[in-house]
Structures are given as structure tokens and as C-alpha cells.
Amino acid sequence: MYSKNHDPGAGDGPPPSRFKASGLRSRHLAAHVVVAVWVVLALLAASTQQTLPVARWLAIHLFLLGAATTAIVVWSEHFAVAMLHAPLPDRRWSNARLAGLNTGVAGVLTGVWADLPVLTGAGCVLLVTAVGAHLGVLVRMGRGALGGRLAPIADYYRAAAAALIIGAVLGWLLATGKAGPGHYTGLKLAHVHVTLLGWIGLPVLGTLFMLWPTVLGVRMAENTTRLARRVLALTGGGLLTAVAGLTAGWRPAAVLGIAGYTVGVAVAAQLFARTVRRRPAISAAAAWMLAAAAGWLVVGVVVDLVVLAARPLGEIQDDIGSLVPVLLVGLVAQVLIGALTYLLPIVLASGPKERAALRAVLERGWAPRLVVLNLGIVLLALPLPGPLGTVGMLLAGAAGAAFLALALRVLVRSARGLLQDADKAGVARRPAVWGTAVGAVVTVLAVLVANSGGDTSGGTSAAGTAGAGAGTTRTVAVTLADMRIRPARVEVAAGTDLRLKVTNTDAQRHDLKVEDGPSTPMLAKGHTRVLDLGQVTEDREAWCTLPGHKAAGMTMDIVVKDDTATVSSGHEGHPSAAADSGGLDLSADFSSGWQPRTADLTPAPGGTVHKVELHAAHTTVEVAPGVKQQMWTFGGTAPGPTLHGKVGDVFEVTLVNDDPSMGHGIDFHAGSLAPDRPMRTIQPGERLVYRFRAEKAGAWLYHCSTAPMLQHMGNGMYGAVIIDPPGLKKVDHEYVLVSSELYLGTPGSTAQVTKMRQNTPDAWAFNGIANQYTQRPLNVKAGERARFWVIAAGPSDGIAFHLVGTVFDTVYKEGAYLLKPDQAGGSQVLDLATAQGGFVETTFPGAGHYAFVDHDMRHAEAGAHGMVEVSE
């Protein structure tokens with residue numbers, strides 16, 4: 001049985017006195033001063049989340065990478081020595097590893113904050129080197145050491161060190177944008193799991209096998225060693241499987257891995273519960289906090305498992321992100337407080353009397369602090385309205401700050417005792433203490449300097465002299481999605497009062513920071529915030545501040561143009577597309593082997609359920625004679641395949657995103673359903689089943705539903721659904737013509753987006769290709785009856801469909817007949833606004849060439865032109 005004065009590091013034996021004899025007290029004191037500094041900085045960052053865009057990331061990493069990592073390195077070495085009965089490592093090298101670790105952490109934090117990828121990379125290298133050296137020491141300790149009952153616990157620390165190395169490499173890929181947008185989600189989830197459950201979770205679990213019975217003052221269970229090995233196999237193996245699955249984007253492997261980790265945690269929790277006895281613990285405060293921390297670990301991994309099993313990886317970033325503060329505060333902070341409450345008096349006190357005094361200080365008011373802390377965690381964990389979440393954060397912060405104040409008091413008191421001892425002994429003050437303290441001060445200064453880089457208050461305006469655009473106010477809609485800011489470039493006249501209406505349309509959170517200007521807070525999906533830049537007189541850059549997002553391409557240029565006429569021409573007096581297209585020769589020949597897209601409407605298939613699989617992908621298409629253009633397509637064509645059915649038919653469409661670089665969704669106008677899930681954006685490699693019943697007849701548009709839809713539709717992601725009206729008579733020919741605009745250039749480029757926004761396309765087209773039916777006419781015979789289904793896909797222009805040389809005797813528009821053959825009147829144009837559809841019918845009186853056009857002559861002369869060749 002243990003007494004209150006026993007050292008836990010000895011497991012089931014008395015504490016070795018060599019720790020104090022070797023000067024470890026001063027090292028622990030210095031290390032925990034550094035831990036306290038990191039915690040203070042984390043609290044400062046957490047308290048400024050509404051004003052500092054990267055504050056949340058900084059707060060998390062200051063706490064986990066700074067405070068928790070420093071504490072884990074110190075204590076894992078301490079416990080490994082005790083449990084393995086190994087010789088003490090060389091103190092100088094231990095201090096060097098600790099200094100390297102903290103310098104590396106400071107480099108990573110400063111590099112990400114100041115957007116200095118080289119510094120971030122150097123910090124990661126130093127961090128990985130220090131942790132790798134720590135891992136090497138832990139491995140060497142096991143060779144030739146005497147070992148003990150708890151020797152297997154050292155394997156937890158070795159596995160954790162390996163996890164931190166993996167997490168650091170993944171973090172570097174994310175922070176520097178090396179991962180690329182296509183792999184960002186999987187790597188981020190892998191990074192979060194390997195660091196939280198690996199670097200933090202594994203040493204916590206391993207230490208609890210020894211610390212928990214020690215704090216309770218009972219003998220550990222006989223089967224502890226065997227269970228500890230089993231738990232490590234389950235948690236370590238499961239985590240490795242999960243991280244591999246998340247990195248590869250394979251959800252079943254991730255679910256299987258986390259399930260194994262959860263089972264391991266459950267086995268450990270069962271052992272801990274059986275260890276509890278009906279007797280006072282040596283430290284009730286430590287025991288309750290450790291128990292609460294273990295409980296939050298169980299809650300965290302169970303929720304994580306459920307979320308991974310229930311939802312695609314691309315949709316769970318926010319869910320996993322909301323678990324981070326729960327694990328951060330509930331597990332890490334609480335286990336740190338509990339462990340330090342028990343351990344600090346042991347390593348810092350010079351005798352039983354001082355130990356009892358220090359413990360009394362640390363346990364002061366522990367019960368109210370425990371309640372307040374865990375109440376705050378509950379408020380953070382539950383999906384409650386914003387104010388309650390803020391209350392939870394304040395409660396948790398207050399409890400943490402209260403312990404921090406007590407810990408600092410203990411550290412100061414111990415430091416005074418250490419200095420008094422040194423003075424009495426007539427020796428020099430410990431240089432390591434002062435060296436580490438100086439390092440901590442330098443770290444604080446580094447972060448504060450980085451923190452001062454830019455005014456982040458909202459609503460600031462650009463200073464400068466008013467220019468050509470003085471007095472002009474312009475509001476630009478900006479969207480954040482798919483690792484891109486759209487538009488990527490905004491041109492304004494000097495002196496323009498610029499306002500950015502920023503909307504996040506992505507599943508994950510983003511913000512927007514303007515160089516030397518205001519910034520938004522983190523915006524969840526669908527949230528909007530207006531940034532007022534005031535008068536803009538010089539070029540500026542804007543970007544998302546989340547680590548790695550800027551490097552991955554989430555930037556926007558704000559360009560000041562001196563020529564007022566040039567800037568304002570975007571809204572009036574802009575030259576026509578035909579003139580602007582310059583070298584677009586619509587009379588030229590198409591390339592050899594080119595084939596027009598058939599305009600024939602395929603008969604509706606039999607049955608009432610139609611299953612279709614559409615693949616979203618980039619496809620190069622000849623969109624005008626001799627002009628090839630990369631298009632974003634459904635099913636490899638622009639427009640996508642035409643779906644045909646009857647009223648009451650069910651369409652089950654499986655959308656597969658084969659596009660490696662961005663997310664896509666789909667919106668069928670023919671269906672009536674809640675759009676939230678079927679119209680959501682799916683990430684590269686994901687699938688989406690969209691099922692709807694066609695309740696109404698008509699010619700319907702479908703298109704990509706991912707913002708900015710102007711670009712997705714303008715680059716070809718649209719198509720037609722034809723639902724026959726009841727009693728529709730058979731005709732000799734039935735055609736589908738989808739009208740649209742063509743925007744040449746690199747999809748998503750500034751030049752192309754500018755043309756889209758200014759509605760100055762390079763050409764107009766039927767079925768995606770300008771003038772194709774002029775060179776490859778539709779063929780009918782005189783007297784045959786033809787039906788033309790027409791849909792205006794836009795994305796900006798409607799159509800006035802006209803067929804030269806005939807009149808329409810039937811007009812069906814937007815679900816109703818406007819004209820039937822038995823009526824006296826006739827029709828010359830089917831006019832459709834953007835996204836409207838209908839059909840017209842006519843009979844050709846004799847042989848000849850009947851042109852069909854969009855009767856907006858700008859459109860007709862720039863490609864919206866075709867021919868019906870009628871033979872006898």
C-alpha cells in the first residue's frame with residue numbers, strides 16, 4: 001500500500017531518492033514554468049477569437065503543441081526511467097531536447113501566424129528532430145534496463161512519440177498547402193486524430209494504469225500489465241488503421257480503426273472502475289479530475305465513431321472540429337490539472353512537510369473548480385445557441401485560470417526555496433532555470449511580435465487620397481468554397497468605397513482577411529459578413545487565414561485601376577462578345593473527326609423508375625469551329641445527358657464526383673424536395689444518390705448546385721429533363737435544344753470569371769457548340785411534323801427561339817399549352833427566360849433550308865444558329 005509521500009514514478013515501490021539528488025527538481029520547475037507560459041498564451045489567444053482570425057488555431061496549438069507537449073515529454077521521460085528502472089538520461093541532452101522542442105513549436109506557431117512557410121518548415125523539422133531524439137531515448141532505456149511490472153507502459157510513450165512525428169508531418173503538409181485541396185479534408189482529419197488520440201490520448205491512457213491506483217492509494221490489479229499490453233494493441237493498432245484510412249479517404253478503414261481504439265479505451269475504463277475502493281484517496285482532487293478526464297475520453301471516441309460511421313468524410317469536418325474543444329478541455333486540460341495536482345508537490349517539495357503544504361495549495365477549492373470546469377465542457381459539447389457556448393467557454397476558462405494561478409504560486413514558492421537552498425550551499429544559481437526562463441520570455445516575445453502583424457479589427461477603412469473613383473461605392477459578392485475565393489480578382493477605380501459581402505458556401509469554416517484591413521470572424525456554412533474597406537487607393541490582397549488555406553489558393557487580389565473608363569466599362573458600353581471574341585471564326589471547319597451532338601430526343605425508357613449515373617469531370621470539347629475548351633461536365637458532355645420520362649416517373653440519379661480538384665452538386669428543377677442533402681456539394685471521389693419523382697410535365701433544367709454556380713454552369717454543368725405532358729401525340733421528329741453562353745479561357749481564371757460577371761460571353765450555342773447545326777443541319781422531309789423542346793440554360797441569358805420560314809402551331813411553355821393546332825392563331829417565337837423551358841411544333845411546307853435562331857441577333861450571329869434541311 002502506498003503512503004501519501006510515495007513517488008508514483010516507482011509504480012509499486014517507494015520513490016527513488018536519486019531524482020532529487022540529481023537536481024531534477026530544478027528541471028521540473030523550469031519545465032513547468034514553460035508549460036505555464038504556454039497555457040497563459042493559449043488563454044490569451046482563446047479570449048481574442050472574435051478579433052483575431054487565426055486565434056482559435058493558435059489557442060489550440062499553444063495549448064496542445066506548447067503546454068501539453070512539453071509536459072508529456074518531461075513526464076514520459078520521468079515515468080519511463082522509474083518504470084523501467086533505467087539509468088537517468090544525461091541531463092544536458094534532456095535539456096537540449098526540451099529546448100529544441102520548444103524552439104520548434106515557437107517556429108511552427110510563428111511561421112503559420114506570420115505566413116512564413118520556410119519558418120514553419122524549419123520549426124517542423126526541429127520539432128520532429130527533438131521528438132525523434134526523445135523516442136530514441138525511450139527505446140534505448142528499454143535495452144538492458146531492469147524493467148518492472150509496469151515496463152510495458154513505456155511502449156505507450158514510444159507510440160505517442162511516433163504519433164506526434166506523423167502528426168507534425170501532416171500538419172506541415174496542411175499548413176504549407178502541400179496537401180492540395182483534393183486531399184486537404186482527409187489529411188486534416190488524419191492530423192486531428194493522430195495528434196489528439198495518439199500523441200495526447202496514448203500517454204494519458206498509459207500513465208493512468210500507474211497513476212490512477214497511486215492517486216487512490218490502492219494496490220494495482222494483478223492483471224494490469226496484461227491488460228495494458230492489450231489496450232495498447234487495440235488503441236495503437238486502431239489509430240494507425242484510422243489514420244491510414246482517413247489519409248486515403250477510405251471511410252470504412254477509418255471507422256474500423258476508431259472502433260478498435262474505442263474498444264481499447266473501454267477495456268482500460270473497466271479496469272480503472274474496478275480499481276476504485278471505498279477508502280479516501282490520497283488526493284481526492286486529483287482522483288476526481290482524472291476520472292472526469294477518462295470519462296470525456298470515452299465520450300469523445302464514442303461520438304467520433306458514430307460521426308465517422310454515419311456521415312461521409314467531406315461532411316464531418318465541423319462535427320469533428322466541435323469535438324476538439326471537448327477533448328482539449330475535457331480530456332487534456334483536466335488530466336493535466338489532475339496529474340499536476342498530485343505530481344507537482346512530489347517533484348518540487350524537499351520533504352513531507354513541504355509536500356503537504358504545496359498539495360494543500362493546489363487542492364484549494366478543487367470541488368467548485370471541478371464542477372465549473374465540467375459544466376463548461378457540457379455547455380461546449382451540446383448543440384446549444386451561441387451565448388450558452390460562450391458561457392461554457394468562460395466557465396472552463398475560469399476554472400483553468402484558477403488552477404493556473406495556484407500552480408504559479410506553487411512554482412514561485414518552490415523556486416524561492418530552491419534559491420535559498422543554493423545560497424545556503426554556496427553554489428551558483430542553476431543556469432538551466434534561468435536559461436529556460438529566458439527561452440520562455442523569447443517565445444512570448446516571438447508570439448507577441450507575430451501577433452502584432454496587422455490590424456485585425458473590423459470595419460477599418462483604407463487610408464489614402466481619393467482618386468478617380470472617389471464618391472463611388474461598390475459592393476462585391478464574395479464566396480468562400482472549395483479552397484477558393486471567388487471572384488479571385490476585383491478591379492476598382494482608385495478612391496472607390498469598396499465593400500465585400502463575404503459568404504461561406506463551403507461545408508468547412510473559412511474567414512477572409514484583407515491586407516492591412518478588416519477581417520471576418522470564422523464563418524460557418526451559409527453565414528455572411530460585410531467588410532467595409534473604405535476608399536481603396538492601392539492594390540491589396542485578401543486570404544483565408546486558416547493554416548494552409550492561403551497556400552492552397554484561397555486568395556483574392558484587389559486591384560486599383562487608374563483608368564476610370566476601363567474600370568467602369570464592365571457595366572456599360574462593353575464591346576459585344578462577337579467583337580470581343582476576335583479570332584472566333586464561326587464559318588471555319590470543325591476539326592477532322594468532330595461529330596455534332598445529336599439533337600434527337602431519345603424516347604422515354606420503359607418502366608417508372610429510371611436509374612442514371614452521372615460523373616462530374618473535366619472534359620475538353622470543341623465548342624466552336626476549331627476551338628477546344630476545357631468544360632466542366634456531367635457525363636462527359638456539356639450539356640449533360642438529357643433525361644426523358646413521364647409524369648409520375650421516379651429518377652434515381654447517382655452523381656459521382658470524378659473531378660480531382662473541386663466539389664460539385666446537382667439541382668434538378670423537375671423534382672420537389674428539401675434541397676439540403678440531395679443538392680449538397682460532394683467532394684472529389686464521393687458519390688451522391690439523388691432521387692426525385694417527376695410530378696409535373698415540362699422541359700426542366702438541371703445544373704450544378706455548387707457555388708459559385710455562375711462558374712459551374714458557365715463552364716458546362718447543366719442539362720435537360722423532359723417530362724412528357726399526358727396525352728402527348730407522337731410526331732415525326734422530336735428534338736432537344738439547350739441554349740447557353742460560351743466563355744472561353746481557363747475555367748475559373750480571372751479573365752473568364754470577369755467575362756461571366758460582366759455577361760460578355762465569347763459565343764452563344766445550341767447544345768453546347770456554337771454553329772454546330774449550321775454546319776451539320778437537322779434533316780427532315782417536307783410535310784413531316786417536328787417538335788422542338790427548348791431550354792434556356794443561361795447562365796445569364798434567355799432565348800427567343802424562332803424558326804425561319806415556318807410558324808408554330810403549338811406552343812407549350814412552363815407546363816401549359818399557349819397554343820394548339822386546332823386554334824386559329826400561330827406563334828413566331830418561343831420566348832424563355834433563363835432556366836425556363838417548353839416546346840413548339842411545326843410542319844415544314846416544302847424542301848429548303850430553314851434556319852432556327854435565337855432571335856436576339858447578337859446571340860444568333862455569335863453561334864446561336866442552326867439549320868433544318870428539308871428534303872422532298
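See above for the structure.
This report concerns the structure included in the present document. (Residues numbered from 1 in each chain as written. Predicted model: local features only at pLDDT ≥ 70, side-chain atom pairs only at ≥ 80, totals over all residues. Heavy atoms only, no water.)

Another point: the overall build of the chain. Counting its regular elements, the chain contains 21 helices and 27 strands. Looking at the chain as a whole, 55% of its 872 residues are labelled buried. Once local pairs closer than 6 in sequence are excluded, the contacts in the chain between residues at least 24 apart make up 75%. With an accessible surface of roughly 34600 Å², the chain has 59% of that area assigned to carbon and sulfur atoms. (Helix = DSSP H or I, 4+ residues; strand = E, 2+ residues; numbered from the N terminus. Buried < 20%, exposed > 50% of the residue type's maximum accessible area, 1.4 Å probe, protein only. Contact = heavy atoms within 4.5 Å. Areas by Shrake-Rupley, 256 points an atom, 1.4 Å probe, with all protein chains shown as cover.)

Put simply, helix α9 (residues 251-275) and helix α10 (residues 284-310) touch, their axes get as near as 9 Å, and they point 160° apart. As far as their axial angle goes, α10 and α9 are roughly antiparallel. Crossing hand, α9 versus α10: left-handed. Each of Arg 251, Ala 254, Val 255, Ile 258, Ala 259, Tyr 261, Thr 262, Val 265 and Ala 269 in α9 lies in contact with α10, whose residues at this interface are Leu 297, Val 298, Val 301, Val 302, Asp 304, Leu 305, Leu 308, Ala 309 and Ala 310. Grouping the constituent residues of the contact of α9 with α10 by class yields 15 nonpolar, one polar and two charged. (Axes fitted to C-alpha atoms, helices over the stretch in contact; angles between N-to-C directions. Parallel < 35°, antiparallel > 145°, perpendicular 65-115°, else oblique. Left-handed = near helix turned anticlockwise from the far one by under 90°. Nonpolar A, V, L, I, M, F, W, Y, C, P; charged D, E, K, R; others polar.)

Let's shift gears to the side chain of Thr 224. With respect to the secondary-structure elements, Thr 224 resides in helix α8 (residues 224-248). Using a relative accessible area of 3% as the deciding quantity, one classes Thr 224 as buried. Non-local contacts of Thr 224, meaning those with residues more than four positions away in its chain, are made with Leu 150, Phe 209 and Leu 271.

This brings us to a nonpolar patch on the surface. Among the surface-exposed residues, Leu 375, Val 378 and Leu 382 lie close enough to one another that they form a single nonpolar patch of about 230 Å² accessible area. Tracing the backbone shows Leu 382 in the loop between α13 (366-381) and α14 (386-425). Taking relative accessible area as the criterion, Leu 382 reaches 44% and is therefore assigned partly exposed. (Patch = residues over 30% accessible without salt bridge, like charges linked within 9 Å, V, L, I, M, F, W, Y side chains within 5 Å. Salt bridge = Lys/Arg side-chain N within 4 Å of Asp/Glu carboxyl O.)

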